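Residues per chain are reported as follows:
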Amino acid sequence: MAVREDIAETAVAATPRFGGLTVPAWQRLITIAALLVALALPLFLKNFHVFQLTLVMIYSIAILGLNLLTGINGQFSLGHSAFYAIGAYTTAVLMDRFGVPYFLTLPAAGIVCLVAGFLFGLPALRLEGLYLALATFALAVATPQLLKLSIFEHWTGGVQGIVIIKPDAPFGLPLSQDRWLYYFTLAILVLMFAAAMRLVGSRTGRALKAIRDNPLAAKAMGVDTALYKSLAFGVSALYTGVAGSLGAIVVQFVAPDSFTFFLAVSFLVGLVVGGVGWIPGALIGGIFIMYIPNLAEQVSKGLAWAVYGVILILVIYVMPTGAAGFVRLVAGRLNRLMSSNR
Amino acid sequence: MSEASRPMAGLARDDGRPLLAVSDVVVRFGGIVALDGITFDLPAGRILGLIGPNGAGKTTLFNCLSRLYTPVSGDISFEGESILRRPPHRIAEIGIGRTFQNLALFKGMTVVDNVLVGGHTRTRSDFFSDALGLPAVRDRDRGLHHDAKEIIDYLGLGPLARLPVAGLPFGTQKRVELARALVMRPKLLLLDEPAGGLNHEEVAELGRLIRRIRDDHGITILLVEHHMGLVMSVSDIVVALNFGRKICEGAPSAVQQDPAVIAAYLGTAKT
Ligand SMILES: Nc1ncnc2c1ncn2[C@@H]1O[C@H](COP(=O)(O)OP(=O)(O)OP(=O)(O)O)[C@@H](O)[C@H]1O
Ligand SMILES: [Mg+2]
C-alpha cells in the first residue's frame, strides 16, 4: 500500500538523532554519567549534605510511586503520605519492637503497602477523577490520627513516635553512617527506577497507559481494567511505602505529624514539576521538594511559603509540562542548532 | 500476521452454525428504544454490511457485541456460546475485535504501542514478571512486536510506527485502529464506519483492503458504513436498520432496491 504524502512528511521524525546519537544512546550515556556523579558525590560533601541528598532520593522514590499511579495509569491521589507513613511505621515498629535488621524491614514495608494500596484501590475503582482525589484526601488526613490512637500505642509510641538507631556501614567499610545510608538508598533507587522503566515499557505498562488514555477501548482490547487499576494502586503504594521505610531509617525517627496531608501535596508538587508520566522526572521532583522550601526560607524567613508559591508558579510558567517537556524542548533546540551548523 | 499460524480461521468452520447469531436483541436508553428485537446470523467467512440512517442503532449493536451495553432481552451467541455472561474485557479473548466510529485510540501512546495493546490477550504476564523483565516474558513480547510490525507494514503505517498517534491525520488514525484490531487475530472483526473522513480514492483502497483481510486471513467482518458504494461492493449480505428495527436483509443488490430501505434513507419511513 502506498504511503501518502502527509505520512511521508511526518516520517522524517521517526528516528530522531541528536548530535549523531539516537535517543536511547543518549539516555544510556546520561544515565551512566548521572550514576558516576551520584557515586562520587558523597566523597566530596559533608555528612549533612549527604543526608540531604539521601532524602532527595527517598522523595524521588515516593514521587515515582505516585507517577506510576497518576502519570502512567491516570488515577489521582492526594493520600500518598498515608502509604509513606505506613512504610515508615512498618520499619520503625519492626526495628524497635522486634529487633529486625533495617534492610529486612524494606521488603516488609513494601509488601504491607502493596496490600494496603491494593485494598484501598478496590473501592476506589468506583471513583473517578476528583472523587478519587477526595477519597485519598480522606486517607491522608485520617492516617496521622489513627497512628496516635491509644490502642496502637504499644507499637506506635502514640504522639511521641519511635526513635530508631542509625545503622553502621557493614563489613567494616570505612564509611560514615550517612554515607553508607546514601549508598544503600542509591542502590534501592537504581533498582526501583530500573524496575519501573521495565514495567512501563512492558505489556503491563502498555495496559496501564491504555486505561489512562481510553478505558473503554482498553476493555475492548481485553484489558481487565479493574484488576490493573487496583494493582497499579498497590504497586504505587509499594514504591511510596519503601520510600517511607528508607525515610524512617535515615531520619531515625517516626511520629504521626511527620506524615500529614502536606507531605502528600509535596509529592504531587514533585510529580508535576518533574513531569507527569515521565519516569526520570521523579528525580527532579525530589530535588525540588527537598531544596526549594529551604531556598525559600533563605530568601525570607517570614514569607517562606509565599516565596515557595512564587517559585512554584514561575516553574510552572516556564515549564508548563514539567521538566519532561522542558528536556524535550531543549533537546530539540540543541539538535536544530547542531544540524544547522553542519 | 502469518497465515501459516492461523490458516483461514473463519472459513475452516463449515458445520452450518453461524459464527455470530444475534437473536431478538432489545436495548433501551430511558425512553428511547435503540434496538427493537434485532435478529440476524453472520456465517463464518462472510462480510455483512450493516446500514441504516443516523440513530438507527448500528453502533448500539456493536456496543452490545463488545459487551459495553447489555441488552434488556434477547441473546447474542458467538461460536454457539452466549457472550452475555462475559464481562467486556473477556470478549477480545474469544476473537471479537473492533474499531470505533469516533476514534478510540490511546492518545498518549505511539502507533506501535497502540497496536501492541491490541495484542494484549495474546500473551500472558503480570506486574512482577514485567517489572523484572523475565526472559520468558520478554521473548513472548518480542513475538508480539514482530506480529505488530508485520501488520503495521501491511497497512502502510511502517514509517509512522514510533510516532505518537495524537498528531496523525484522521484517516491514518483510523488505520491505526484497524491495525490494533488485527493484531488481536480476531475471528470476527467489527468495523464502525471505517470510511469516515476518507476521500474517494482512499475509500476504494479501503474496500480492497477489507476484502483482502477476509480473503487472506479468513476473518469474518461486520461492517457498519454510510458509504453505500463501499458497503454494496464488499458485502456478501446486507442488513438494514431503521429506528432500531431490521427493515431488510439480503444480497446487496436486493437491499439496494428495497422500497423500505429507499424510504428510510429518504427520511419518510415511519416504522
Ligand atoms: N449511551 C447512550 N445513552 C443514551 N442514548 C443512546 C446511547 N447510545 C445511543 N443512544 C441512542 O440510541 C439510538 C441509536 O444510536 P446509535 O449510536 O446506535 O446509532 P447509529 O446507527 O450508530 O447512528 P450513526 O449512523 O449516526 O452512527 C440513538 O437515538 C441514540 O441517541
Ligand atoms: Mg454509529
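The structure displayed is predicted, hence computed values, not measured ones. (Residues numbered from 1 in each chain as written. Chains lettered and ligands numbered in written order. Predicted model: local features only at pLDDT ≥ 70, side-chain atom pairs only at ≥ 80, totals over all residues. Heavy atoms only, no water.)

Asker: Looking at this structure, how should I read the coordination of the magnesium ion (ligand 2)?
Answerer: Under perfect tetrahedral coordination by four donors, a metal shows angles of 109.5 degrees; under perfect octahedral coordination by six donors, it shows angles of 90 or 180 degrees. Residue and element names in this part refer to chain B. Distances from the magnesium ion (ligand 2) to its protein donors, Thr 59 (OG1) and Gln 101 (OE1), fall at 1.9 to 2.0 Å. With Thr 59 in helix H1 (residues 58-65) and Gln 101 in the loop between strand S6 (96-98) and helix H2 (111-118), this pair connects stretches of sequence that are 42 residues apart. Under the relative-accessibility criterion, Gln 101 is labelled partly exposed at 26%. (Donors = N, O, S within 2.8 Å, 3.2 Å for Na, K, Ca; no water. Helix = DSSP H or I, 4+ residues; strand = E, 2+ residues; numbered from the N terminus. Buried < 20%, exposed > 50% of the residue type's maximum accessible area, 1.4 Å probe, protein only.)

Asker: Looking at this structure, I do not really get the sheet that holds strand S4 (residues 73-78) of chain B. What am I missing?
Answerer: Two modes of strand pairing occur in sheets, parallel and antiparallel, and in both the strands are linked by backbone hydrogen bonds. All names here are of chain B. What the four strands build is an open sheet, ordered S2-S1-S4-S5; its pairing is antiparallel. Edge positions in the sheet fall to strand S2 (32-42) and strand S5 (81-82), since each of these pairs with one other strand and no more. One ladder, built from five bridges, connects strand S1 (residues 20-29) with S4; its direction is antiparallel. Counterpart to Val 26 in the pairing with S4 is Ser 73. (Pairing = 2+ DSSP bridges.)

Asker: Help me out: how do you make sense of the interface of chain A and chain B in this one?
Answerer: How big an interface is tends to be reported as the loss of accessible area on association of its parts. Contacts between the two partners involve 36 residues from chain A, matched on the other side by 46 residues from chain B. For the chain A and chain B pair, buried surface summed over both sides reaches about 3600 Å², with 62% attributable to carbon and sulfur atoms. Of the charged contacts in the structure, one is a salt bridge between Arg 206 of chain A and Asp 141 of chain B, with a shortest N-O distance of 2.8 Å. Counting the contacts that link chain A with chain B gives nine residue pairs in polar contact (both at pLDDT 80 or more). Contributing elements (two or more residues each) for the side of chain A that touches chain B: helix H1 (5-11), helix H8 (177-200), helix H9 (203-213), helix H10 (215-220) and helix H11 (225-251) of chain A. With nine residues, H9 of chain A is the single largest residue contributor to the side of chain A that touches chain B. (Contact = heavy atoms within 4.5 Å. Buried area = accessible area lost by both parts, 1.4 Å probe. Salt bridge = Lys/Arg side-chain N within 4 Å of Asp/Glu carboxyl O. Polar contact = N/O pair within 3.5 Å; in protein donor to acceptor, adjacent residues only side chain to side chain.)

Asker: Hey, could you run me through the packing of aromatic side chains in this one?
Answerer: Here the distance between the centres and the angle between the planes together describe a pair of aromatic rings. Throughout the structure, instances matching the rule amount to 17 aromatic pairs over all chains. Relative to Phe 261 of chain A, the ring of Phe 137 of chain A lies with its centre 4.7 Å away and its plane at 85 degrees, an arrangement referred to as edge-to-face. With Phe 137 of chain A in helix H6 (residues 129-148) and Phe 261 of chain A in helix H12 (residues 261-274), the pair connects residues that are 124 residues apart, well separated along the chain. For the cation-ring pair, Arg 98 of chain B lies above Phe 100 of chain B, with the distance from its terminal atom to the ring centre recorded as 4.0 Å. (Phe/Tyr/Trp six-rings, centres within 6.5 Å; stacked < 30°, edge-to-face > 60°. Lys NZ or Arg CZ within 6 Å of the ring centre and 35° of its normal.)

Asker: Help me understand the site of ligand 1 in this model?
Answerer: Residue and element names in this part refer to chain B. Taken together, 14 residues form the shell around ligand 1, and within it Lys 58, Thr 59, Thr 60, Gln 101 and His 226 come nearest. Between ligand 1 and Gly 57, the relevant distance is 2.9 Å, taken from an oxygen atom to a main-chain nitrogen or oxygen of the residue. Within the side chain of Lys 58, one N or O atom sits 2.8 Å away from an oxygen atom of ligand 1. Considering ligand 1 on its own, with 640 Å² of exposed area, one finds that the protein chains cover 67% of that surface. Elements represented by at least two residues in the shell around ligand 1 include exactly S2 and H1. Taken together, the residues of the shell around ligand 1 break down into five nonpolar, seven polar and two charged. (Near = heavy atom within 4 Å. Areas by Shrake-Rupley, 256 points an atom, 1.4 Å probe, with all protein chains shown as cover. Nonpolar A, V, L, I, M, F, W, Y, C, P; charged D, E, K, R; others polar.)

Asker: I tried to follow H11 of chain A on my own but got confused; where do I start?
Answerer: Note that an α-helix has 3.6 residues per turn; residues three or four places apart therefore point the same way. Residue and element names in this part refer to chain A. The end-to-end C-alpha distance of H11 is 38 Å, a good match for the 39 Å that 27 residues give at a rise of 1.5 Å each. Of all the 27 residues making up H11, 22 are buried; the element is thus mostly covered by neighbouring parts of the structure. Note on H11: the residue one or two positions beyond its end, Gln 252, has a positive phi of about 65 degrees. (Expected span 1.5 Å × (residues − 1).)

Asker: Where do I start with the domain arrangement of chain B in this structure?
Answerer: Residues and elements named next belong to chain B. When its domains are assigned, chain B resolves into domain 1 (1-95 + 186-271) and domain 2 (109-185). The centre of domain 1, based on its C-alpha atoms, is set 25 Å off from the matching centre of domain 2. Listed as interface residues are 23 residues of domain 1 and, on the opposing side, 14 residues of domain 2. For the pair domain 1 and domain 2, the summed buried area comes to about 1500 Å², and 62% of that belongs to carbon and sulfur atoms. At the junction of domain 1 and domain 2, the tally comes to one salt bridge. Residue Glu 205 pairs with Arg 175 through a salt bridge whose shortest N-O separation is 3.5 Å. On inspection of domain 1 and its partner domain 2, the count reaches three residue pairs in polar contact (both at pLDDT 80 or more). Those elements that provide at least two residues to the side of domain 1 that touches domain 2 are strand S7 (188-192) and helix H6 (200-217). The element contributing the most residues to the side of domain 1 that touches domain 2 is H6, with six residues. Residue composition of the side of domain 1 that touches domain 2, by class: ten nonpolar, five polar and eight charged. (Domains from an automatic or database assignment.)

Asker: Just to check I follow, could you spell out the environment of Ile 91 of chain B for this structure?
Answerer: Residue and element names in this part refer to chain B. Examined against the element boundaries, Ile 91 turns out to sit in the loop between S5 and S6. Since its relative accessible area comes to 3%, Ile 91 is described here as buried. For the pair Ile 91 and Gly 74, spaced 17 residues apart in sequence, the C-alpha to C-alpha distance is 18 Å. What Ile 91 contacts, discounting residues up to four positions off in sequence, is Leu 65, Ser 66, Arg 67, Ile 83, Arg 86 and Ile 96.

Asker: Help me understand a nonpolar patch on the surface, please; the structure alone is not making it clear to me.
Answerer: Residues and elements named next belong to chain A. Side chains of Tyr 317, Val 318, Phe 326, Leu 329, Val 330 and Leu 334 sit close together on the surface and give an oily, nonpolar patch of about 610 Å² of accessible area. The set of elements that each furnish at least two residues to the nonpolar patch consists of helix H14 (304-318) and helix H15 (322-341). Looking at the nonpolar patch element by element, the count peaks at four residues for H15. Position of Val 318 among the secondary structure elements: in helix H14. (Patch = residues over 30% accessible without salt bridge, like charges linked within 9 Å, V, L, I, M, F, W, Y side chains within 5 Å.)

Asker: So what exactly am I meant to see when it comes to the sheet that holds strand S3 (residues 47-51) of chain B here?
Answerer: Residues and elements named next belong to chain B. The strand order S6-S7-S8-S3-S9-S10 describes an open sheet built from six strands, whose pairing is mixed. Here the strands that pair on one side only, and so sit at the sheet edges, are S6 and strand S10 (245-250). On average, adjacent strands in this sheet sit at an angle of 20 degrees to one another, irrespective of strand direction. Relative to strand S9 (residues 237-242), S3 runs parallel, the two being bridged by four bridges. Residue Gly 49 lies in a different strand from S9, and its bridge partner there is Val 238. Those strands touched by H6 are S3, S7 and strand S8 (220-224), and its axis lies near 155 degrees from that of S8. (Axes fitted to C-alpha atoms, helices over the stretch in contact; angles between N-to-C directions.)

Asker: Looking at this structure, how should I read the layout of surface pockets?
Answerer: To find leftover empty space, a probe the size of one water molecule is rolled over the atoms. By volume, the second largest pocket amounts to about 680 Å³. Around the second largest pocket, the lining is made up of 23 residues, and of these Met 192, Ala 195, Leu 238 and Tyr 239 of chain A together with Phe 128 of chain B lie nearest the centre. Within the residue set of the lining of the second largest pocket, elements represented by two or more residues are helix H5 (102-124), H8 and H11 of chain A together with helix H3 (127-132) of chain B. For the lining of the second largest pocket, the leading source of residues is H8 of chain A, giving nine residues. Here the lining of the second largest pocket is built from residues that sort into 20 nonpolar, one polar and two charged. (1 Å grid on protein atoms, 1.4 Å probe; cavity = no way out; pocket = protein on both sides within 12 Å on 5 of 7 lines; lining within 4 Å. Points joined across faces, edges and corners; volume = space filled by probe spheres on them.)

Asker: Which parts of the structure should I look at to understand the domain arrangement of chain A?
Answerer: Residue and element names in this part refer to chain A. Segmenting chain A into domains produces domain 1 (1-44) and domain 2 (45-341). Computed over C-alpha atoms, the centres of domain 1 and domain 2 are 26 Å apart. Taken together, the two surfaces of domain 1 and domain 2 that pack against each other cover about 950 Å², and 67% of this comes from carbon and sulfur. Taken together, the links from domain 1 to domain 2 amount to zero salt bridges. For the interface between domain 1 and domain 2, the tally reads four residue pairs in polar contact (both at pLDDT 80 or more). Those elements that provide at least two residues to the side of domain 1 that touches domain 2 are strand S1 (17-18) and helix H2 (23-40). The greatest single-element share of the side of domain 1 that touches domain 2, amounting to three residues, is contributed by H2. Class assignment of the residues belonging to the side of domain 1 that touches domain 2 gives a composition of eight nonpolar, one polar and one charged.

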